[in-house]
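# Understanding the architecture of this molecule
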Amino acid sequence: MMRRRSSAAPLFAMALLVSGCSAGLPLWTGGGTTPTGRVELTAGGNARVPTGKLAAGRNTSIPERAARAGVSPAGQARVGLSRNLDLGITVSGTLARFDVRYAWELSNDGTTRYVLLFAPGVYGGGFDDPADGHGAAFGADLPLVLGANYGSVVELYVGPRFGLDRVSGELFGDASPVDGVGVRAGGTVGLGTGFRGLLGLLELTVQHEWWSGDIGGAEGDVHGFVLMPSFGLRFRL
C-alpha cells in the first residue's frame, strides 16, 4: 500500500525542530588543536534559527515552543593527545557530540601558524516534554576548517561543514510517530581573541538542510537555511 504524500511540510519541519535534530552544536574549533597534555574548557551559548519553510510552522497548531528559535547554554571540553591531535565533547541542551580533531600544519614561522583541521564527530540526544512529545536524534558532523593562530592572541577559522541526521519519536498532540532523515551542508566562520590561556570566541554557521520522512504514515519533505550563532569563553589549563 502506498503512503500518502503529506502537504503539511511545515508540520513535518516543526516535528524535526521539536526533536532538536540537526542541533546548533557549536564547533569552537579555534585556530588549532589543544596542546599535548593540556585541557581546554569552553562555556557559552548557541542558537538555532531556522528560516523559510523550516520556520513556516509558526502558523500551525504545533506548540509555539517548536517554532521559536532555539537558544541553549553550551559547553565543551578538549584534551590534547599530541601536537596535531585532540579529543573533545560538546554539550548543548540535551545533545552531546564526541569528536576528534587532526591538524595538518601548512606553515609556522614561530608566531603565526596555519593549519587544516578535520574534526569528524558523532552526536546523540533526545527530548521529553509533557506538551510536545518525546524522541531521539543522532547523527554525524563533518567539518573541514582552515585555522590561523596569530601569536596566541587572535585565532581565526573558516571552512565547510557537512552533516547527516536521523530523528525518531512521537508527538503528544495527536500521538503521531515521527521518523525522518536529514542532510545538511554549509560553512562555519569563527573569531577568537584573548591572552594567557583565556580566549573569547564568536562563531556563525550557515547551512542548508534537506529533510525527508513521515509523521503518522504521511510522508513529507522540507528544506531551508538555518543560522547557528554561538559564543564561548575558553580556558586552557
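Residues numbered from 1 in each chain as written. Predicted model: local features only at pLDDT ≥ 70, side-chain atom pairs only at ≥ 80, totals over all residues. Heavy atoms only, no water.

### Here's the deal with the overall build of the protein chain
Counting its regular elements, the protein chain contains two helices and 11 strands. When the helices and strands of the protein chain are read in sequence order from the N terminus, they spell out α-β-α-β-β-β-β-β-β-β-β-β-β. Classification of the 237 residues of the protein chain by burial places 46% in the buried group. Taking the contacts inside the protein chain whose residues are at least 6 apart along the sequence as the reference set, 64% of them involve residues at least 24 apart. As presented, the protein chain carries roughly 11,000 Å² of accessible surface, and 66% of it is formed by carbon and sulfur atoms. (Helix = DSSP H or I, 4+ residues; strand = E, 2+ residues; numbered from the N terminus. Buried < 20%, exposed > 50% of the residue type's maximum accessible area, 1.4 Å probe, protein only. Contact = heavy atoms within 4.5 Å. Areas by Shrake-Rupley, 256 points an atom, 1.4 Å probe, with all protein chains shown as cover.)

### Overview of empty space enclosed by the protein
The final tally for this structure, using the stated rule, is two cavities of 30 Å³ or more. The wall of the largest cavity is formed by Leu 27, Thr 29, Arg 78, Arg 97, Asp 99, Arg 101, Ala 119 and Pro 143. Ranked by the residues each element gives to the lining of the largest cavity, the list is headed by strand β4 (residues 95-108), at three residues. When its residues are assigned to classes, the lining of the largest cavity shows three nonpolar, one polar and four charged. (1 Å grid on protein atoms, 1.4 Å probe; cavity = no way out; pocket = protein on both sides within 12 Å on 5 of 7 lines; lining within 4 Å. Points joined across faces, edges and corners; volume = space filled by probe spheres on them. Nonpolar A, V, L, I, M, F, W, Y, C, P; charged D, E, K, R; others polar.)

### Comments concerning the nonpolar core
In this structure, Trp 28, Ala 74, Ala 103, Val 115, Leu 117, Val 145, Tyr 157, Leu 199 and Leu 201 together form the largest nonpolar core, which totals nine residues. Elements with a minimum of two residues in this core: β5 (112-118) and β10 (198-215). When sequence neighbours within four positions are dropped, the list of residues in contact with Val 145 reads Thr 29, Val 115, Leu 116, Leu 117, Tyr 157, Val 158 and Gly 159. The next biggest cluster of nonpolar side chains, apart from the first, holds six residues, and it includes Leu 54, Val 167, Val 222 and Val 226. (Core = buried A, V, L, I, M, F, W, Y, C linked by side-chain atoms within 4.5 Å.)

### Quick look at unusual backbone geometry
In this structure, Trp 28 takes a positive phi of about 50 degrees despite not being glycine. Relative to the helices and strands, Trp 28 is located in the loop between α1 (9-19) and β1 (39-50). For Arg 196, which is not glycine, the phi torsion reads 50 degrees and is therefore positive. Position of Arg 196 among the secondary structure elements: in the loop between β9 (176-195) and β10. Residue Arg 196 is classed as exposed on the basis of its relative accessible area of 82%.

### Looking at the layout of surface pockets
In this structure, the second largest pocket spans a volume of roughly 330 Å³. Lining the second largest pocket are 19 residues, and of these Thr 33, Arg 113, Asn 149, Ser 152 and Arg 236 sit closest to its centre. In the lining of the second largest pocket, the residues fall into one nonpolar, 12 polar and six charged.

### A look at the packing of aromatic side chains
Overall, the coordinates contain two aromatic pairs when judged by the stated rule. Measuring from centroid to centroid gives 5.0 Å for Tyr 102 and Trp 104, while their planes differ by 75 degrees, and the two rings are edge-to-face. A residue is classified by how much of its surface remains accessible, and Tyr 102, at 36% relative accessible area, is partly exposed. When its relative accessible area of 42% is taken as the criterion, Trp 104 is described as partly exposed. (Phe/Tyr/Trp six-rings, centres within 6.5 Å; stacked < 30°, edge-to-face > 60°.)

### As for the side chain of Thr 33
Structurally, Thr 33 can be placed in the loop between α1 and β1. A polar contact is formed between the side chain of Thr 33 and the backbone oxygen of Arg 83, at a distance of 2.9 Å. In contact with Thr 33, not counting residues within four places along its chain, are Arg 83, Asn 84, Leu 85, Asp 86, Arg 101, Ala 103 and Leu 117. (Polar contact = N/O pair within 3.5 Å; in protein donor to acceptor, adjacent residues only side chain to side chain.)

### Observations concerning the pattern of salt bridges
Side chains bearing opposite charge may pair, as long as their charged atoms lie close to each other. For the structure shown, the criterion picks out 14 salt bridges. Glu 40 is the salt-bridge partner of Arg 234, the closest N and O atoms lying 3.8 Å from each other. A residue pair is termed long-range when its members are at least 10 positions apart, and Arg 234 in strand β11 (residues 218-236) and Glu 40 in strand β1 qualify at 194 residues. Among the ionic pairs, Arg 161 bridges to Asp 141, the shortest N-O distance being 2.7 Å. In this pair, Arg 161 sits in strand β8 (residues 154-171) while Asp 141 sits in strand β7 (residues 133-150), placing the two residues 20 residues apart along the sequence. Per residue, the accessibility class of Arg 161 equals that of Asp 141, and both read buried. (Salt bridge = Lys/Arg side-chain N within 4 Å of Asp/Glu carboxyl O.)

### Brief notes about the confidence of the model for the protein chain
Caution applies to low-pLDDT regions: their predicted coordinates should not be interpreted in detail. Summary statistics for the protein chain give a mean pLDDT of 81 and a share of 76% for residues scoring 70 or more. Within the protein chain, β5 carries the highest mean pLDDT (96), whereas helix α2 (residues 64-67) carries the lowest (33). For residues 1-22, every residue scores under 50 in pLDDT, and the model assigns this stretch 72 contacts once sequence neighbours within four places are set aside. Ignoring residues within four places in sequence, the model shows residues 57-68, a span with pLDDT below 50, making 18 contacts including any to other chains. (pLDDT = per-residue confidence, 0-100.)

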